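Report on the structure
Here is how the chains run, residue by residue.
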Amino acid sequence: MEVKIEESWKQLLIDEFSSDYFFRITQFLREEIKSGATIYPKGSLIFNAFNTTPFDKVKVVILGQDPYHGEGQAHGLAFSVPEDVTPPPSLKNIFREISTDTGIPVPSHGSLTGWARQGVFLLNAVLTVRASEAASHSKIGWTTFTDRVIEILSREKENLVFMLWGNYARSKKNLIDSQKHLILEAAHPSPLAGGAFFGCRHFSKCNNYLVSKGIEPINWQLPLSKN
């Protein structure tokens, strides 16, 4: 599998791409495709988070677990869906919290590309999934790769905001230097969390922190749908 990834990330991760574990990831994906399995997101979008948010632009990291496994949903950005796809329940809850927290109206679509272009790195811990089988690629080596990405961000940058939602994301806290970065923790936005995500106010807290460091805040209001 040829890795098509933005140049700054490519240079930082070059050792990972030449590692044995990454070779095993690519071999696994080749075998999946050869067997007739459908993989999400499509190949050109596996590294969409990296390609949309170059390393030097990253201000905020939102960590997801693995891609949506329904047809047409995953496009390589954690929690995001293409504009013509109905936002899933977790994303609807994220929008609800932003609206309560900041007063921004709930958007008409679920594509978070507008955030990613401003420096919100929407990273799933696992970058691929088999159609209709949640977490089906969770053991193939992707977490080794994305843990390394988190470590590099923590080490090489300063004053990032990490949003860790749910126990899985919070388990990555030990990879982040809390002396250099702001770590915000909350329940997962999934309805399964029983609404515990609401009231976390992460979006205003994030911007207050960025402003305090002299960094341009994030405009959480998404551009209007092109549809």
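So, a few notes on the structure that sits alongside this text.

Thresholds, definitions, all that
- Residues numbered from 1 in each chain as written.
- Predicted model: local features only at pLDDT ≥ 70, side-chain atom pairs only at ≥ 80, totals over all residues.
- Heavy atoms only, no water.
- Axes fitted to C-alpha atoms, helices over the stretch in contact; angles between N-to-C directions.
- Helix = DSSP H or I, 4+ residues; strand = E, 2+ residues; numbered from the N terminus.
- Parallel < 35°, antiparallel > 145°, perpendicular 65-115°, else oblique.
- Left-handed = near helix turned anticlockwise from the far one by under 90°.
- Contact = heavy atoms within 4.5 Å.
- Nonpolar A, V, L, I, M, F, W, Y, C, P; charged D, E, K, R; others polar.
- 1 Å grid on protein atoms, 1.4 Å probe; cavity = no way out; pocket = protein on both sides within 12 Å on 5 of 7 lines; lining within 4 Å.
- Points joined across faces, edges and corners; volume = space filled by probe spheres on them.
- Pairing = 2+ DSSP bridges.
- Phe/Tyr/Trp six-rings, centres within 6.5 Å; stacked < 30°, edge-to-face > 60°.
- Lys NZ or Arg CZ within 6 Å of the ring centre and 35° of its normal.

1. Regarding the packing of helix 3 (residues 20–34) against helix 7 (residues 142–156)
Running from N to C, helix 3 and helix 7 point in directions that differ by 135°, and their axes come no closer than 9 Å. The angle between helix 3 and helix 7 falls in the class oblique. Handedness of the helix 3/helix 7 crossing: left-handed. From helix 3, Tyr21, Phe22, Ile25 and Leu29 reach across to helix 7, where they touch Trp142, Thr144 and Phe145. Its residues assigned to classes, the contact of helix 3 with helix 7 shows 6 nonpolar, 1 polar and no charged.

2. Brief notes about the layout of surface pockets
Considering only enclosed or pocket space, the largest pocket measures out at about 300 Å³ in volume. Contributing to the lining of the largest pocket are 16 residues, with Gln65, Asp66, Tyr68, Phe79 and His188 lying nearest its centre. Along the lines of polarity and charge, the residues of the lining of the largest pocket split into 7 nonpolar, 8 polar and 1 charged.

3. Observations concerning the sheet that holds strand 6 (residues 182–186)
The strands making up a sheet are joined through hydrogen bonds of the backbone, oriented either antiparallel or parallel. If you trace the 4 strands from one edge of the open sheet to the other, you get 3-2-5-6, paired in parallel fashion. Of all strands in the sheet, those with a lone pairing partner are strand 3 (120–124) and strand 6, marking the two edges. This sheet shows a mean twist of 20° between the axes of neighbouring strands, independent of strand direction. Bridge count for strand 5 (residues 161–165) against strand 6 is 5 bridges, and the pairing is parallel. In the strand pairing of strand 6, Val161 is matched with Leu182.

4. Brief notes about the packing of aromatic side chains
According to the stated counting rule, one finds 22 aromatic pairs in the structure shown. Arranged with centres 5.7 Å apart and planes meeting at 35°, the rings of Phe17 and Phe145 form a pair that is tilted. On the criterion of sequence distance, the pair formed by Phe17 in helix 2 (residues 14–17) and Phe145 in helix 7 is long-range, its members being 128 residues apart. Among the aromatic residues, ring-to-ring pairing joins Trp9, Phe17, Tyr21, Phe22, Phe47, Phe50, Phe55, Phe121, Trp142 and Phe145 into one connected group. Lying over the aromatic face of Phe198, Arg96 brings its terminal NZ or CZ to 4.0 Å of the ring centre.

5. A look at empty space enclosed by the protein
According to the stated counting rule, one finds 2 cavities of 30 Å³ or more in the structure shown. In this structure, the largest cavity encloses a volume near 50 Å³. Class assignment for the residues of the lining of the largest cavity results in 6 nonpolar, 2 polar and no charged. Reported here for the second largest cavity is a volume of approximately 40 Å³.

6. Description of the environment of Ser190
Within the element layout of this structure, Ser190 appears in the loop between strand 6 and helix 9 (202–212). Along the sequence, Ser190 and Ile218 sit 28 residues apart, while their C-alpha atoms lie 23 Å from each other. Beyond its immediate chain neighbours, meaning those up to four positions away, Ser190 contacts Ser90 and Asn93.

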